[in-house]
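# Secondary and tertiary structure notes
Each chain, letter by letter, is given below.
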Amino acid sequence: MSTEVPYTISVPESKLDILRQKLALVEFPDELENSQWNYGVPLADIKRLVARWKDGYDWRAEESKLNKDLPQFTRDIDVDGFETLNIHYVHQKSPVTNAIPLLFVHGWPGNFIEVRKILPLLLQSSPQFPSFHVVAFSLPGYGFSEGSHKTGFAAEQYAEVAHKLMLSLGYNEYVTQGGDWGFLITRIIAQKYGGKHSKAWHTNFPVGTPLQFSSNPILYLKHLVTPYTEAEKAGIERSKWFVKEGRGYHEEQATKPQTLGYSLADSPVGLLAWIYEKLVTWTDSYPWTDDEVLTWISIFYFSRAGPAASVRIYYEVMHSKGFLQSPSLKPTIPLGVSHFPNELRITPKKFDHNVGKLVFQAEHSSGGHFAAYERPEELVGDLRKMFGKKGPAFGVVPGKNGYEEKVIANL
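These numbers come from a predicted model, not from an experiment.

Here we come to the pairing of strand β6 (residues 174-178). Of all the 5 residues making up β6, 5 are buried; the element is thus mostly covered by neighbouring parts of the structure. Neither face of β6 is open: one carries Y174, T176 and G178, the other V175 and Q177, and all of them are buried. Bridging between β6 and strand β7 (residues 198-203) involves 5 bridges; their strand directions are parallel. Bridge pairing links Y174 to S198 in β7. The parallel pair β6 and β7, bridged by helix α6 (residues 181-193), forms a crossover whose chirality is right-handed.

This part covers the sheet that holds strand β1 (residues 5-7). Spatially, 9 strands are ordered β1-β2-β3-β5-β4-β6-β7-β8-β9 in an open sheet, and the strand pairing comes out mixed. Every interior strand has two partners, whereas the edge strands, β1 and β9 (357-363), have only one. Strand after strand, the sheet turns through a mean of 30° between neighbouring axes, direction not considered. Across 3 bridges, the pairing between β1 and strand β2 (residues 72-78) is antiparallel. Residue pairing for β2: P6 is matched across the bridge by F73. Each of β2, β3 (84-92), β4 (100-105), β5 (132-137) and β6 touches helix α5 (residues 155-168); the most contacted strand, β2, lies at about 115° to it. Set on the sheet, helix α15 (residues 376-387) makes contact with β4, β5, β6, β7, β8 (334-339) and β9; between it and β7 the angle comes to about 145°.

A few words on the nonpolar core. With 104 residues, the main nonpolar core has W59, W108, F137, W181, L272, W296 and F387 as its most contacted residues. F183, A190, I333 and L358 belong to the second-largest nonpolar core, a separate cluster that totals 9 residues.

Attention shifts here to the pairing of β8. In summary, the side chains of a regular strand alternate between the two faces of the sheet. With 6 of 6 residues buried, β8 lies mostly within the body of the structure. Covered by surrounding structure in β8 are P334, G336 and S338 together with L335, V337 and H339, the residues of both alternating faces. Where β7 and β8 come together, 3 bridges link them in parallel fashion. Directly across from W201, in β8, lies its bridge partner L335. Sheet topology note: the β8/β9 ladder contains 6 bridges and is parallel. When the bridges of β9 are listed, H339 appears paired with E363.

Attention now goes to empty space enclosed by the protein. Taken as a whole and assessed by the stated rule, the structure comprises 2 cavities of 30 Å³ or more. Space inside the largest cavity adds up to approximately 90 Å³. If you trace the largest cavity, you find 15 residues lining it, with E114, G179, D180, N204 and H369 closest to the centre. At the level of secondary structure, the elements contributing two or more residues to the lining of the largest cavity comprise β4 and α14 (371-374). Here the residues of the lining of the largest cavity are counted per class, giving 6 nonpolar, 7 polar and 2 charged.

Before going further, it helps to spend a moment on the packing of helix α11 (residues 268-281) against helix α12 (residues 290-301). Where α11 contacts α12, the two axes come as close as 10 Å, and the packing angle between them is 125°. Looking at the two axes, α11 sits oblique to α12. When you trace α11 past α12, the crossing you get is right-handed. Here P268, L271, L272, I275, Y276 and L279 of α11 lie close against α12, whose contacting residues are V293, L294, W296, I297, F300 and Y301. Within the contact of α11 with α12, the residues separate by chemical class into 12 nonpolar, no polar and no charged.

Another point: the UniProt feature "domain: Epoxide hydrolase N-terminal" (unreviewed entry) in the chain. Here, UniProt's "domain: Epoxide hydrolase N-terminal" (unreviewed entry) annotation points to residues 6-115. Its end C-alpha atoms 18 Å apart, residues 6-115 is made of 34% helix and 22% strand.

Of the voids in this model, the second largest pocket is the one considered here, and its volume is about 470 Å³. What lines the second largest pocket is a set of 24 residues, and nearest its centre among them are P29, V41, L43, I46 and A273. Mapped onto the lining of the second largest pocket, the elements with two or more residues apiece are α2 (43-56) and α11. Broken down by element, the lining of the second largest pocket gets its largest block of residues, 6 residues, from α11. Considering only residue class, the lining of the second largest pocket consists of 13 nonpolar, 4 polar and 7 charged.

Summarising the element assignment, R375 is placed in the loop between α14 and α15. Of the side chains bearing the opposite charge, E378 lies closest to the buried R375, which forms no salt bridge; the N-O distance is 4.2 Å. Polar contacts involving the side chain of R375 include one to the side chain of S366, which spans 3.0 Å. With near-sequence residues (within four places) excluded, R375 lies in contact with D284, F340, S366, G367 and F370.

The residue after W108, namely P109, is reached through a cis peptide bond having omega 0°. One non-glycine residue, D180, lies in the positive phi region at around 55°. On the secondary structure map, D180 appears in the loop between β6 and α6. Overall, D180 belongs to the buried group, its relative accessible area being 13%.

Parameters at a glance
- Residue positions are given per chain, counted from 1 along the sequence in the order it is written.
- The predicted nature of this model means local features are confined to residues of pLDDT at least 70 and side-chain atom pairs, given and counted, to a pLDDT of 80 or more, with totals for whole chains, interfaces and linings taken over all residues.
- Side-chain metrics rest on all non-hydrogen atoms present in the structure, leaving aside hydrogens and water.
- The buried label goes to any residue with under 20% of its type's maximum accessible area, the exposed label to any with over 50%, and the partly exposed label to all in between, with areas taken from a 1.4 Å probe on protein chains only.
- Helix and strand assignments follow DSSP, with helices taken as H or I runs no shorter than four residues and strands as E runs no shorter than two, numbered in order from the N terminus.
- DSSP-based pairing: two strands are paired if at least 2 bridges between them are found.
- Seen with the strands pointing away from the viewer, any crossover whose path from the first strand over the helix to the second strand runs clockwise is right-handed.
- Axis lines are fitted to C-alpha atoms, over the contacting stretch for helices. Their N-to-C directions set the angle, which ranges from 0 to 180 degrees.
- The contact definition used throughout considers only heavy atoms, calling two residues in contact when any of these lie within 4.5 Å.
- For this analysis, a nonpolar core means a set of buried residues of the types Ala, Val, Leu, Ile, Met, Phe, Trp, Tyr and Cys, connected via side-chain atoms within 4.5 Å.
- Detection works on a 1 Å grid of protein atoms alone, calling trapped sets that fit a 1.4 Å probe cavities and calling open sets with protein on both sides within 12 Å along at least five of seven lines pockets, with lining residues defined by an atom within 4 Å of a point.
- Grid points are joined across faces, edges and corners, and a volume is the space filled by probe spheres set on the points.
- Amino acids outside the nonpolar list (Ala, Val, Leu, Ile, Met, Phe, Trp, Tyr, Cys, Pro) and the charged list (Asp, Glu, Lys, Arg) are all regarded as polar, and Gly is one of them.
- With respect to orientation, any angle under 35 degrees is reported as roughly parallel, any angle over 145 as roughly antiparallel, any angle of 65 to 115 as roughly perpendicular, and every other angle as oblique.
- Handedness of a crossing follows from how the near helix is turned relative to the far one, being left-handed for an anticlockwise turn of less than a right angle and right-handed for a clockwise one.
- UniProt positions are given in the numbering used here, feature names are shortened, and annotations may be inferred rather than shown by experiment.
- Note on charges: Lys and Arg go in the positive column, Asp and Glu in the negative column, and His and the chain ends are not counted at all.
- Salt bridge, as applied in this entry: a Lys or Arg side-chain nitrogen positioned within 4 Å of an Asp or Glu carboxyl oxygen.
- Any N or O atom pair separated by 3.5 Å or less is treated as a polar contact, with the protein-specific requirement of one donor-capable and one acceptor-capable atom, and with residues adjacent in sequence counted only for side-chain atom pairs.

In structure tokens, the structure reads:
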């Protein structure tokens, strides 16, 4: 078994020098009058962010904060049919011996920083709610994880890396939480490793399919006569907007990621604009500070494999014949779902039954695509309710209820 190696983020000064040089030589495009966000990121926003990145932003200070806030490690993981990858991850154990092992899985354009706000909440010990041991890995090709050098590295391989990482850490039984690609990856984990290893899963990005009479006639008939709620109607409109106005990035990344990759790798300003657009339009009026944005973007710019590596998952998944094309393989372990109104693809809550064995469902009045970062208290609150002593998934991991033994004895 591979060895866990402590990891400290330390970007070479030479890379910072090159970044400053590139920012100093930037050439901005023109902009149409009154175009606002209709054509993409406004020029004024990018000019402000570039000026801050070049002259005021202190990466070293942010780097130090990340190293202080997040206990980081690397470990080699063998991927069947591919290669051995050195994987970067955050790992922190709760002071509660019986804490529930939880694997957090990000997506794009997310990264390991998404666990930053929920980590201290998940670790908390209380007789009122469960505590968790937390693992949050950088997907291969993201952050400081090594990326695959071979074609065909798709969702099943990301799931394999995640599962093997948990086993290597001694977590033979665990639960998962994920959104965006994290939804698909944790779904595959539930399909392939559910029951024996993965005991339950929770997502804030449920991609539910319409109900079918053949699979659940009672629920199907009830759906026909039950009108959509106002939140569901708004969600349908949000989804329509995304397909029409916000999904162009997906088509490019799923068809010609290498072509896009030259711009992402060579131009820090291009990378900034490409991701900043999503940070703003995919969230629910989240009050981004310039330094928050620049830290997020810098992690991509300074990533081990380079920013181009992060978008290849779109091509590989869309061109694979794996679990994405097998919606009938519905996981049988308990599923929890949290709905946030400014998510990108929002389906009626009834459709959640087609995602998996639904045992927990919550709906929130605010929040968007990056729930762990935008609404950490709400997301963690849902996990506590799902896995807490009165929740539907309480005790799903044998011997790991999330409570101190004296508390468990009084249940």
